[in-house]
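Topology and contacts: notes
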Amino acid sequence: MDQRTYIMIKPDAVARGLVGRILARFEDTGLTFERLEYGVVTAEQAAANYAEHEGKPFYAGLISYITSGPVVKMVLSGPDAVVVCRKLMGATNPRDAAPGTIRGDFGLIMDANIVHGSDSPESAEREISIFF
Ligand code: IDP
Ligand code: MG
């Protein structure tokens, strides 16, 4: 089923110069780039995006990390876009992410996760409205 997903290359990955290689992996899926934008996440956007994690021990660090530097925001669309991108990204903890996935290949620590992707079509629409 055609759907949209919100993807964000996080500050650590931008700072490390990984944008081109990560974008190439999303391009390789064949999904359509509806939006692609470089920018800084505001505190308000960060809080809205991560509302589900408010109160958790890592919440403050997550907010300060995602607002710490420029990110690359995108909207991809196509068949099963959400699950296709989640599989490409790999498990949340890079230690558990399989080789060949973005997190498995480029990530080291969960606190500085290098990419965000919506976890459902409903989350995707909510997140897209926050960032675009
Ligand atoms: P996801 O990014 O795979 O959807 P979520 O559970 O939504 O994973 O968590 C959002 C982000 O919060 C993760 O990408 C990661 O950076 C961070 N995070 C999640 N759980 C932990 C944790 O237990 N310790 C530290 N950071 C965490
Ligand atoms: Mg999530």
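Here goes a summary of the coordinates provided.

Side note on the overall build of the chain
Looking only at helices and strands, one finds seven helices and four strands in the chain. Going from N to C terminus, the chain has its helices and strands arranged as β-α-α-β-α-α-β-α-α-β-α. Against the globule reference of 14 Å for 132 residues, the chain gives a C-alpha radius of gyration of 14 Å, in line with a compact fold. Considered along the principal axes of its C-alpha atoms, the chain spans approximately 35 × 30 × 25 Å. Considering the chain as a whole, with its 132 residues, one finds that 48% of them fall into the buried category. Contacts spanning at least 24 positions in sequence make up 76% of the contacts within the chain whose residues lie at least 6 apart.

Considering the packing of aromatic side chains
In this structure the tally under the stated criterion is two aromatic pairs. Where tyrosine 6 meets phenylalanine 131, the ring centres are 4.6 Å apart and the plane angle is 0°; that geometry is what we call stacked. In this pair, tyrosine 6 is assigned in strand E1 (residues 2–9) and phenylalanine 131 in helix H7 (residues 121–131), connecting sequence segments 125 residues apart. By relative accessible area, phenylalanine 131 is classed as buried at 5%.

Notes on the site of ligand 1
Around ligand 1, the surrounding shell consists of Lys10, Tyr50, His53, Phe58, Leu62, Arg86, Thr92, Arg103, Met110, Asp111 and Asn113. In this structure, an oxygen atom belonging to ligand 1 sits 3.3 Å away from a side-chain N or O atom of lysine 10. Within the contact set of ligand 1, an oxygen atom lies 2.9 Å away from a backbone nitrogen or oxygen of methionine 110. Relative to its unbound accessible surface of 530 Å², ligand 1 loses 80% to contact with the protein. A class-by-class count of the residues in the shell around ligand 1 yields four nonpolar, three polar and four charged.

Thoughts on the sheet that holds strand E3 (residues 71–79)
As summarised here, the arrangement of the four strands in space is E2-E3-E1-E4, forming an open sheet in which the pairing is antiparallel. One side of each edge strand has no neighbouring strand; the edge strands of this open sheet are strand E2 (32–39) and strand E4 (115–117). Looking at each pair of strands side by side, their axes are set apart by 15° on average, direction ignored. With eight bridges connecting them, E1 and E3 associate as antiparallel partners. Within E3, the position partnered with threonine 5 by the bridge is leucine 76. The sheet strands contacting helix H5 (residues 81–89) are E1, E3 and E4, and the helix crosses E1 at an angle near 35°.

Rules used throughout
- Residues numbered from 1 in each chain as written.
- Chains lettered and ligands numbered in written order.
- Predicted model: local features only at pLDDT ≥ 70, side-chain atom pairs only at ≥ 80, totals over all residues.
- Heavy atoms only, no water.
- Helix = DSSP H or I, 4+ residues; strand = E, 2+ residues; numbered from the N terminus.
- Rg over C-alpha atoms; globule rule 2.2 N^0.38 Å.
- Buried < 20%, exposed > 50% of the residue type's maximum accessible area, 1.4 Å probe, protein only.
- Contact = heavy atoms within 4.5 Å.
- Phe/Tyr/Trp six-rings, centres within 6.5 Å; stacked < 30°, edge-to-face > 60°.
- Near = heavy atom within 4 Å.
- Polar contact = N/O pair within 3.5 Å; in protein donor to acceptor, adjacent residues only side chain to side chain.
- Areas by Shrake-Rupley, 256 points an atom, 1.4 Å probe, with all protein chains shown as cover.
- Nonpolar A, V, L, I, M, F, W, Y, C, P; charged D, E, K, R; others polar.
- Pairing = 2+ DSSP bridges.
- Axes fitted to C-alpha atoms, helices over the stretch in contact; angles between N-to-C directions.

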